[in-house]
Each structure stands twice: as structure tokens, then as C-alpha cells.
Amino acid sequence: MNMGKIVTIIIALAVAIGGAIWWQMNQVDPEDAKLAGAEACFIYVGPVGDFGWSYQHDQGRLAVEKELGVKTAYLESVPEGADAERAIERMARSGCKIIFTTSFGYMDATNKIAAKFPDVKFEHATGYKRDHANVSTYSSKFYEGRYIQGVIAARISKTGVAGYIASFPIPEVVRGINAFILGAQSEDPDFKLKVVWVNTWFDPGKESDAAKTLIDQGVDVITQHTDSTAAMQVAAERGVHAFGQASDMIEFGKETQLTAIIDDWAPYYVERTKAVMDGSWGQIDVWHGMDHGNVVMAPYTNMPDDVAALAKATEAKITSGEFTPFTGPVIKQDGSEWLKWNEVSDIGTLLGMNFYVEGVDDKLPN
Amino acid sequence: MGLTEAILLTIFTAATPLLIASLGELVSERSGVLNLGVEGMMIMGAISGFAFAQITGSPYLGAVSAILVGSLFSMLFAFLTITLVANQVATGLALTILGLGVSGLWGESYIGVAGIKMEPIVIPVLSQLPVVGKLLFSQDLIFYSSIALLVGVTWFLFRSRTGLVLRAVGDSHHSAHALGISVIKTRYLAVAFGGGCAGLAGAHLSLVYTPQWVENMSAGRGWIALALVVFASWRPLRILAGAYLFGAITIAQLHIQAIDLRDIEFLPSALFSLAELIKAMPSQALSALPYLATIIVLVIISGNRRLTLMNTPASLGKGFVPDR
């Protein structure tokens, strides 16, 4: 090798290493830079651009910035488990006063870090563990919307079978499936529901495969408990109906979407951040639904007027508290009685729901 | 359209991006360059395909731009690992991370925008054939390209002189160099080809599979493509087998979950009990099934150790510094 080439390589390496060091010094850690000075912090399981679950949480964050003028920060696509713990700890260390951890799987990590940082307030979405005084839990009664979806599905479906794309067998998801079938059975006692578990919150390809599978098997209404808009698109392509999830997905199925359950976290996030700022924050466990505007239904579209009217009437009854979806008589899938006539489920059973009600054509994974 | 046909069609769609990306990576690895950045190049292809389809209104221009962007993006990797002889594993990982980040930034304004789907091109006469007509001759252009690529890559690697040169570079860059072959140039071209293929695979995701843009939409398919190359022991036909097997089991496990076995008529009793057994498995295990089955089958078909060693590019992952 001649001298010239060696010099060239050394110069190139020097420039590369120098560049790397410069970059390192300027941007010691992009996460820390993002977190600097933020007071309200958010951690999301998916990308903010999923146009579903994480997107809606981020809309809530933006509302906090806009209404309170508080600086916020977020970390997206944080896997549940050990990574979450690291991310939450980093937020707590960087001076966040309140941290919203927005996925069920962050439950243990949230409580663990909360023990180390008693002055920081933690808010965990959809969980039930509040091991320390600085941890609150909050969720929304999405199942109220699922019940209305079921009512609509039973009236719209010609095949008498709806398809459900499910993510993970946790109570939140099981509750949605049960509410959906109860709503459907209120209109058509023989209505059937096929469930496909994809074991992911977010994988557009897999979600679309699941939608195709269900349609191929004779389903003509699709609902999903996963985060992307892929299923809506497949439904539009195949000419069946679908429900949007978390966000209004009408853009992806103008003649397909019947309605969508929209998660509106903004009121809660603004209220809680404000409470931290004025020192009135206290531990709570909140589970609001349509009555507090946390669960909003997108316009009822692509259905006959009488079905839309029925859906609106059901929504009004749930909003006013006159009716709750889990009201007896309800029989479990194994044939045993769960709720007697007019009996309303207690919250504990709902929060830990690990069984199907009658009519679900699936075996619940453990 | 019957159920079987519908299922096969879904399998074909699921397998196409894996096949394309794997073939690209195969060429790159056969030249001795291990590029772990497939996921990153794929996602760059997905966003550029989507963006240019939106701007120009043509999904075909979108796909072309995806190929170009994938190639260009891979040149960053090529410069670092071939010219500057940086570590290929580390640089490949960095390329993936960079691709995921840059695509997220680029695609911000496309979130929630309905995509343009690449429509199937129906080939006259042939598409009238029963079953295969729908499956093979009424598909989109990217599917046809994947088959053309398979044939082309197989011919190129094992039947052309340039392919022989490329394999020689991958097996022993020093010998090839001594023979007067330009190792650097060969590897640059191979990496560019791999990048272009990964980009096209990405375009399939955002223009055919799920015509939309969402961050991170490749969801790990680049990694599966990478694994397929290794498990197929660097043979194109085995890559085809692996990609379709993976797609088939992915779709089959979804169908098994949803199906009511009593609805199927004339199911042989042996198959019935097998299906019942699979249906009784927890869905988490079913989700892992495609990975397990693909690995097992490919390990079995590449069971001949001597043949496997013969197919492994001997200089894979090693940096080349010309010594004179």
C-alpha cells in the first residue's frame, strides 16, 4: 500500500471520528435534549404517527401545551418491559413533574420507578396497580362504544357474523369483545363474532392480513383493537363495513366506516397537569366514559337512518347513565350465569375480565 | 373467488416484500457485504414510494423512486463499510436506526392520508386459467417484478460470468483482487442492488400491501428478510421457499383462529384432529409459528453441511483493504 493511500485513509478516519465526537458533544443524548425543561412528560407504546392509540394520547399532550402553556416532552415507540423502565426513570430524573405512561404493559415499570421518585407524580393508563401514593391510574370506558358498535353491526351485517381483530388477551381487550357481542345480541340473539388475535398493537401488514382472513371467512363487518388504519383500508377494498379505532378513520374508508370510537384524553391531561402545577394533585383511580366526554363516537355514517337513530338513542342512554352495557341477564361462554336479570357488573370483575360471554366464537387465550 | 384462492392470494401478498428484499440482500451478501440495514432501506423505500406516488399521482413513479432512494441510502452504508472499511454489523444497524428516524420525519405530513394503490395488471388469456390465472396473472407489477427478480438473480449468480466474478469477490476478496477484479466496484454495485430491492419491497408495503403511510410500518420485515437469506443458505430458490412458507403459515394461523372447523365439509379426519390441535394452541404460540416453522424447514433442507459451507460466502462481513 502506498503512502498516499494510507494518508487518505487516515484523514478520512480522522474526519469521521472527529465528526462523531463533535456530534456526540453537541447532542450528548437526543432523549435528554428532548426532555430538558419539560414538566409534563408522556411515554407512548407506538409511534405518534400511528393515527390511532398513541396519536390520540399525543393530541392530549398538545392540548396541555396549548391550554396551560406547560412545556411537555414525549418518548414514542417505547417497548413494554425493561426499556420502559429505563425511559420512565430518565424522565423522572430529567425534572418531569408529572409522567403519563400510556400503555397497559408499563404498569410494573411505572410503579417501580414511582417508588424511587416520591416527588414526581405518575399517571398510568388502563392499569390497576397503585402501589405508591404518587401513582394514579386512569382509563376510559371504551367498552361503551363497543356496545354501540355491536348494536350497529347486528343491524348492518347480512351474514350475521362480525370479525374482531384483537391484540393481546388483557382485560381491556376482552371487555371490548364482550361488550360488542352483548350489543349485537340485543338486536339479534343469534349474532356471531369471530375473533383473530394478532399479538401486536401495531403491525399494519399483519392487521390487514387478519382483516382479509376474516372477510374471506364470511365476515361483513370488522372492528379492531389494534392501532393502525390497515383493516379499514382492506374493508374498503373488499366492500364490507368497518369501525374505526381510537381516531376517526373516515379518510381511509369514506363508504366503509360506520363510526369510530375516539379516545379524547385532552380533558383529563389538562386537569391533572394543572393539579400538579397548583399543588392539588392527589392519588385517584379514574374510569370515565361517555358521561365525561372521554369516549366520543365519530359521526354515524354509511348506514340507514333508522340504524343511526338507534345508535344515537343507545349512545344517549349510556351517556346519561340510564343504561350500562354489562347489565344482566348475561351468561358466560361456559354456560354459567354471570349476571342476573337487571344486575349490573361490579367494577372489579370488569377490570380483571378474563372470560367470554356467550356468543363469542373463539377460545380465550390465557 | 373461493376460500382457497383467497387464502393463497393473501399469502402471495405477504410473501412478496420478503422475497424481493431477501433477493437483494442475497446479492449483496454473495459479494461479501453483510448489510444489516435492510429494515432501514425498506422503510425509506416505503416512505419515498408513498410520497412520490402522492406528488406525481402515479404509484409506478413511486415505486421507481423507492428503488432509487433505497439504492442511494445504501450508498451511505457502502461508503462507510467499503471505502472507509468500517465495521459492517455496526454500520448496518446504524443504517436501520437512521432509516426509521428519517422516514418518520419525512412522512410526518403523510400521516392520515389515504394512499394510492397500485392496481393489478390483468394479463389477457392467461388470467382466465382456473386458480393460477387469479394468483399469477392478475397481480400488481411489483409481484411480477419479484418473480422476474428471482429468475434474474438465479441466472445472474450461477449462469453469468459477472455473477461468477461477484461470487469470487465474496469468497476471497484477496484472490479476486490479485486476479485484477475490482473488489470495491463489485461490492458497491452489489450493495446498490440490495438497496434498490429493499426499497422496492418497501414500496410494496406502502403501495400494495397496506396503501398508506404509518411510521415504522415495515414492522420488522427487513429482519425477517435478512434471516431468510441465512437460513436459505444463500440459495435463491430456498429464499423463495422460505418467503412463501413464512407467508403461508402467517396467514394459515390467522385462518385457523377464525375458522369454525364444523363448517368445513369433507375434511379428512387426520387433518381435522391436526387443525383441532393447532386451534387449541394459545394464540401467542400461533404467532410464533411462522418463525419456528420457517427456521426448522430451512434448517432441514440445508442439512447438508458441506453444501452449506460451500454456499456461504467466505469473506462475508470482512472488510477489504487493498494491500497493493
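Since the structure is predicted, the reported quantities are computational estimates derived from the model, not experimental observations.

Undergrad: Sorry if this is basic, but what is going on with the overall build of chain A here?
TA: Along its length, chain A carries 12 helices and 15 strands. Along the longest, intermediate and shortest principal axes, the C-alpha atoms of chain A span 85 × 55 × 35 Å. Look at the contacts in chain A between residues 6 or more apart in sequence, and 64% of them connect residues 24 or more apart.

Undergrad: What is the right way to read the interface of chain A and chain B from this model?
TA: The accessible area lost on association of the parts is a frequent measure of interface size. Listed as interface residues are 33 residues of chain A and, on the opposing side, 38 residues of chain B. Secondary-structure elements contributing two or more residues to the side of chain A that touches chain B are helix H1 (3–26), strand E7 (192–197), helix H8 (204–216) and helix H9 (230–238) of chain A. Sort the elements by how many residues they give to the side of chain A that touches chain B and H8 of chain A lands first, with nine residues. Taken together, the residues of the side of chain A that touches chain B break down into 14 nonpolar, 11 polar and eight charged.

Undergrad: How should I be thinking about the packing of H8 of chain A against helix H11 (residues 236–258) of chain B in this particular structure?
TA: How two helices sit against one another is set out by the angle between their axes and by the gap between those axes. Running from N to C, H8 of chain A and H11 of chain B cross one another at 50 degrees; their axes reach a closest spacing of 9 Å. Judged on the interaxial angle alone, H11 of chain B and H8 of chain A are oblique. Read as a crossing pair, H8 of chain A and H11 of chain B show a hand that is right-handed. Across the interface between the two elements, Asp209, Ala210, Thr213 and Leu214 of chain A from H8 of chain A touch Thr250, Ile251, Leu254, His255 and Ala258 of chain B from H11 of chain B. Tallied by class, residues from the contact of H8 of chain A with H11 of chain B come to five nonpolar, three polar and one charged.

Undergrad: Sorry if this is basic, but what is going on with the sheet that holds strand E1 (residues 40–43) of chain A here?
TA: Strand pairing in a sheet takes place through backbone hydrogen bonds and is either antiparallel or parallel in direction. Residue and element names in this part refer to chain A. Strand order in this open sheet of six strands is E2-E1-E3-E4-E5-E11, and the pairing throughout is parallel. The sheet is open, and its two edges are formed by strand E2 (72–75) and strand E11 (285–288), each paired on a single side. The mean inter-strand angle of the sheet, taken between neighbouring strand axes irrespective of direction, is 15 degrees. Bridge analysis of strand E5 (residues 135–140) against E11 gives four bridges, and the strand direction is parallel.

Undergrad: Would you mind showing me how to read the pairing of strand E6 (residues 161–166) of chain A here?
TA: Put simply, side chains in a regular strand alternate between the two faces of the sheet. Residues and elements named next belong to chain A. Counting buried residues in E6 gives six out of six residues, a clear majority hidden from the surface. Pairing between E6 and E7: six bridges, direction parallel. Paired with glycine 163 across the bridge in E7 is lysine 194. For the handedness criterion, the β-α-β arrangement of E6, helix H7 (residues 171–187) and E7 is classed as right-handed. When E6 meets strand E8 (residues 221–224), the two strands line up parallel, connected through four bridges. When the sheet's bridge partners are listed, alanine 162 is paired in E8 with valine 221.

Thresholds, definitions, all that
Counting of residues starts from 1 at the beginning of each chain's written sequence and follows it residue by residue. To read the labels, note that chains go from A and ligands from 1, taken in the order they are written. Note on the predicted model: pLDDT of at least 70 is required for a residue's local features to be given, and 80 or more for side-chain atom pairs to be given and counted; whole-chain, interface and lining totals, by contrast, use all residues. For the purposes of this entry, the term helix denotes a DSSP run of H or I that reaches at least four residues, the term strand denotes a run of E that reaches at least two, and both are numbered from the N terminus. Each residue is represented by a C-beta atom placed from its backbone, and any two residues with such atoms within 7 Å are regarded as in contact. Just so you know the grouping, Ala, Val, Leu, Ile, Met, Phe, Trp, Tyr, Cys and Pro go in nonpolar, Asp, Glu, Lys and Arg go in charged, and all remaining residues, Gly too, go in polar. Lines are fitted to the C-alpha atoms to define the axes, a helix being fitted only along its stretch in contact, and any angle between axes, read from their N-to-C directions, falls within 0 to 180 degrees. An angle below 35 degrees is treated as roughly parallel, one above 145 as roughly antiparallel, one from 65 to 115 as roughly perpendicular, and anything else as oblique. Working rule for handedness: look at the near helix, and if it is turned counterclockwise from the far one by less than a right angle, call the crossing left-handed; if clockwise, right-handed. A strand pair is defined by DSSP finding two or more bridges across the two strands. Residues with at least 20 other C-beta atoms within 10 Å of their own are called buried, those with 12 or fewer are called exposed, and the rest are partly exposed. The C-beta atoms themselves are positioned from the backbone. With the strands aimed away from the viewer, a crossover counts as right-handed if its path from the first strand over the helix to the second runs clockwise.

In short, geometric facts, not functional conclusions.
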